[in-house]
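# Residue-level structural notes
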Amino acid sequence: MIKVGPMKLYVRTFGCQMNVHDSNRIVEMMQGEGYQSTTDVKEADLVVINTCSIREKAHHKGISEIGRLCKRVKRNKPDCVMVVAGCVSEQEGARIFKLAPQVDLVVGPDQIAQLPRWVRDARQDGRIAMTGFDRGTRADFLSTADRATPRGVSEFLTVSKGCEERCTYCIVPSVRGPERFRHPDDIIEEAVLLTENGVQELVLLGQKVNAYHYDGLTFAGLLERLDQLPGLQRLRFTSPHPRHMSPSLIESFGRLRTLCESIHLPVQSGADGTLARMGRRYTAGDYREVIGGLRRACPEILISTDLIVGFPGETEAEFEQTIGLLEEVRFCGAFSFKFSPRPGTAAANLPDDVTEADKARRLEIVHNVIERVEREIRHDLVGKRFEVLVTGSGRNAGQLTGRARNNQIINFQPAKGATLNQAPGSLHQVEVTGVMPHSLEGIPVADEAQSG
Ligand code: 5AD
Ligand code: SF4
């Protein structure tokens, strides 16, 4: 049968923002090759499953999704090319063909830039596994040169890749490779392209984003350069490491026009003993100092975090110290996980000695504290005014949704008869009137959008 019309691409993404960004670029690259995106896997000619292996659960989820999609797709369309991309590919390589014989192509994160070529090769020659890391030359970052693709209000921008911090629990160094920093001119060039295409908010991406440096330019210096872009409204970054929160970076909050009043700063544990075994190279006291500095520089900042419970050797007393830190720092949200031993990491060789029951109990306690504190913080926002950057329509008819600079989602209803600029990307002053489970409700305090 001769195919008419464009080839269709279906992408399924697991894992972090890095993977979301890589998937966006996969779509963009393959559109350049004539593919069209689809949300219906059954009509796809190319399926990409972008996997994550940060914890065992994520890894298994990816593997079972590969099996499920292969079955669904190959039965009806045997010539559909099945691609497994991302961190599981890097870790497993050609072993994936044994786990899922219908997979055609395995590509590690650093091979994604060559994806169009590997897809063509796989269509012609059958199975290939491409893994390994590039050297981080100017061409190796997944940047966009594409002015045609419509952009969202907020876009990711890669500043570095890989990680050499070697936290003892973390698989990232082995699946994302050594740390490589991107040339600042290339970062600025991409930022200009994006903002000229209507992007209002940039989220800088890097495994240890604030360790960025290039020929004497620090991360704080990079933020300062980006802050001067006239089209840019908001700047965020993820994920920083507490050890690399320099004084100049801390005082950039509250000083730089675009740098938002929110930060996700993974702490992992509140106990010095656990932090030492994790190889985090800071103490709970160091972390508290960074938080103090951030709050002095920018009193309205909201801080979220990541936590691991049940790390090898974590005693009840150490766990209590983590709870103490949560009560003291008052995070507005946290992702918390049970320790999961990952192959090839130093912690996988430590006795995984906290029982499953203790891990589950500790996780629940952490959840409860985080949820309560977050709720209290969000209730304190009622009656306050925030600038909301509209990203789309809210759930109720006529409602708009967007984010405040502190990263809270705010839904609001334009007043009856008001001529409000409803376009994504418009900015509005909104007063918070209520708290919903995952968002805030508000009313616009001025009829006209400020700009947009
Ligand atoms: N076990 C549990 N959680 C982990 N994380 C990373 N590696 C592991 C692991 N082996 C968590 C950390 C990190 C987040 C992205 O995932 O909290 O910040
Ligand atoms: Fe998952 Fe880490 Fe890979 Fe992101 S970098 S996809 S979190 S393993």
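Structure shown above.
Quick look at the structure, then. Just so it is clear, the structure is predicted and the values come from calculations on it, not from any experiment. (Residues numbered from 1 in each chain as written. Chains lettered and ligands numbered in written order. Predicted model: local features only at pLDDT ≥ 70, side-chain atom pairs only at ≥ 80, totals over all residues. Heavy atoms only, no water.)

Looking down a regular strand, the side chains alternate between one sheet face and the other. The pairing of strand β17 (residues 385-393) with strand β20 (residues 427-435) spans 5 bridges and is classified as antiparallel. Note that in β20 the partner of Phe386 across the bridge is Val430. When β20 meets strand β21 (residues 440-444), the two strands line up antiparallel, connected through 5 bridges. Note that in β21 the partner of Val430 across the bridge is Pro444. Counting the residues in the hairpin turn of β20 and β21 gives 4 residues. (Pairing = 2+ DSSP bridges. Helix = DSSP H or I, 4+ residues; strand = E, 2+ residues; numbered from the N terminus.)

What follows is about the nonpolar core. Counting 70 residues, the largest nonpolar core has Leu204 and Phe237 as its most contacted members. It is helix α13 (residues 356-379) that contributes the most residues to this core, 6 residues altogether. Those residues within four positions of Leu204 in sequence are excluded, and the remaining contacts are Leu157, Val159, Val209, Phe219, Leu222, Leu223, Leu226, Leu235, Arg236, Phe237 and Thr238. (Core = buried A, V, L, I, M, F, W, Y, C linked by side-chain atoms within 4.5 Å. Buried < 20%, exposed > 50% of the residue type's maximum accessible area, 1.4 Å probe, protein only. Contact = heavy atoms within 4.5 Å.)

Before going further, it helps to spend a moment on the site of ligand 2. Taken together, Cys16, Asn19, Thr51, Cys52, Ser53, Ile54, Cys87, Val172, Arg176 and Gln207 form the complete shell of residues around ligand 2. Split by domain, the residues of the shell around ligand 2 number at least three in each of domain 1 (8-130) and domain 2 (152-260). (Near = heavy atom within 4 Å. Domains from an automatic or database assignment.)

Counted by the stated rule, this structure contains 1 cavity of 30 Å³ or more. Empty space within the largest cavity amounts to approximately 150 Å³. Asp22, Leu142, Thr158, Lys161 and Arg176 are the residues nearest the centre of the largest cavity, which is lined by 15 residues in total. Of all elements in the fold, only α1 (17-32) and β8 (160-161) reach the threshold of two or more residues within the lining of the largest cavity. Considering each element in turn, the lining of the largest cavity owes the most residues, 3 residues, to α1. (1 Å grid on protein atoms, 1.4 Å probe; cavity = no way out; pocket = protein on both sides within 12 Å on 5 of 7 lines; lining within 4 Å. Points joined across faces, edges and corners; volume = space filled by probe spheres on them.)

Once that is clear, we can look at the pattern of salt bridges. A side chain of one charge can pair with a side chain of the opposite charge if their charged atoms are brought near each other. Inspection of every chain in the model, using the stated rule, returns 39 salt bridges. Arg120 is the salt-bridge partner of Glu33, the closest N and O atoms lying 2.6 Å from each other. Note that Glu33 is positioned in the loop between α1 and β2 (36-37) and Arg120 in helix α5 (residues 115-125), a separation of 87 residues in sequence. By relative accessible area, which is 39% here, Glu33 ends up partly exposed. Ionic pairing is found between Lys42 and Asp40, a salt bridge with its closest N-O pair at 3.8 Å. Lys42 sits in the partly exposed class, given a relative accessible area of 45%. Residues joined by salt bridges that share partners form a network here, namely Arg25, Glu28, Arg151, Arg182 and Glu190. (Salt bridge = Lys/Arg side-chain N within 4 Å of Asp/Glu carboxyl O.)

Here the focus is the sheet that holds strand β13 (residues 234-238). The 3 strands lie next to each other as β7-β10-β13, forming an open sheet whose pairing is parallel. At either end of the open sheet lies a strand with only one pairing partner, and these are β7 (154-158) and β13. Each adjacent strand pair in this sheet contributes to an overall mean axis angle of 25 degrees, direction not counted. Sheet strands touched by α1: β7, β10 (201-205) and β13. Its angle to β7, the strand with the most contacts, is close to 100 degrees. Sitting on the sheet, helix α7 (residues 184-196) is in contact with β7 and β10, with an inclination near 165 degrees to β7. (Axes fitted to C-alpha atoms, helices over the stretch in contact; angles between N-to-C directions.)

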